[in-house]
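# Understanding the architecture of this molecule
So you can see what is in the structure, the chains are spelled out below.
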Amino acid sequence: ILTLTYSRGFLAKKLSNRIFIYLGEISYSIYMVHFFVIYILTSYFRDSILFSNRLTVILSTIIFTILISSFTYKFIELYFNKKLKNSFYKFLNIK
């Protein structure tokens with residue numbers, strides 16, 4: 001545990017990569033979207049030649065999940081977070 005919490009350790013440097021930070025920011029959107037992406041890809045493209053390879057299915061799922069999650073994070077989650085924060089501040093009369 002001490003090794004993991006040490007901020008200049010090997011693991012901390014790898015996890016502080018901007019890609020991992022971004023994936024952490026959109027993680028809730030990934031959680032909310034991934035099932036629907038898997039469902040759509042497996043339901044509608046089950047008989048496609050492109051999806052006969054398991055690796056193609058996995059990579060497509062990851063790519064589409066990250067793309068849709070990025071969109072929902074930027075245009076839905078951040079928007080409603082801002083609106084909720086503003087209404088909460090108005091409720092508490094904080095500027």
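Going by the structure above, here's the rest.
In this report, we go over the structure that sits alongside the text. (Residues numbered from 1 in each chain as written. Predicted model: local features only at pLDDT ≥ 70, side-chain atom pairs only at ≥ 80, totals over all residues. Heavy atoms only, no water.)

### Brief notes about helix H5 (residues 54-92)
Using the following cut-off: Here a helix means four or more residues in a row that DSSP labels H or I, a strand means two or more in a row labelled E, and each is numbered from the N terminus. Between the first and last residue of a helix there are one fewer steps than residues, each counted as 1.5 Å, and that sum is the expected span. By definition, a residue's bend is the angle between the axes fitted to the seven residues ending there and the seven starting there. Exposure is judged per residue with a 1.4 Å probe applied to protein chains only, and the accessible area is read against the type maximum: over 50% gives exposed, under 20% gives buried, and values in between give partly exposed. A contact between two residues is defined here by any heavy atoms of the two lying within 4.5 Å.
Taking 1.5 Å as the rise per residue, H5 with 39 residues should run 57 Å; its terminal C-alpha atoms sit 53 Å apart, in good agreement. At Tyr73, H5 shows its largest kink, close to 40°. Buried residues of H5: Ser60, Thr61, Thr65, Ser69, Ser70, Thr72, Tyr73 and Glu77, and no others. Where H5 is buried, its residues contact helix H3 (18-25) and helix H4 (27-44). Looking at the residues trailing H5, positive phi occurs at Asn93, about 60°.

### What about a nonpolar patch on the surface?
For clarity, the cut-off: Surface patches are drawn from residues lacking salt bridges whose relative accessible area is over 30%; two like charges belong together within 9 Å, two nonpolar side chains (Val, Leu, Ile, Met, Phe, Trp, Tyr) within 5 Å. Here, Shrake-Rupley sampling with a 1.4 Å probe gives the accessible areas, and only protein chains in the shown set may cover a residue. Salt bridge criterion: a side-chain nitrogen from Lys or Arg within 4 Å of a carboxyl oxygen from Asp or Glu.
A cluster of nonpolar residues, Leu55, Ile58, Leu59, Ile62, Ile63, Phe64, Ile66, Leu67 and Ile68, forms a patch on the protein surface that exposes about 800 Å² of accessible area. A relative accessible area of 36% means that Ile68 is categorised as partly exposed.

### Quick notes on the packing of aromatic side chains
For the record, the criterion: When the centres of two rings from Phe, Tyr and Trp lie within 6.5 Å, Trp using its six-membered ring, the rings pair. Their planes under 30 degrees apart give stacked, over 60 give edge-to-face, and anything left gives tilted.
With the rule as written, the count across this model stands at four aromatic pairs. Relative to Tyr31, the ring of Tyr28 has its centre 6.2 Å away and its plane inclined at 40°; by these criteria the two rings are tilted. Here Tyr28 pairs with Tyr31, and both are found in helix H4, just three residues apart, close to one helical turn. A relative accessible area of 55% places Tyr31 in the exposed class. Judged by centre distance (5.9 Å) and plane angle (75°), the rings of Phe35 and Phe36 are edge-to-face. Overall, Phe36 belongs to the exposed group, its relative accessible area being 52%.

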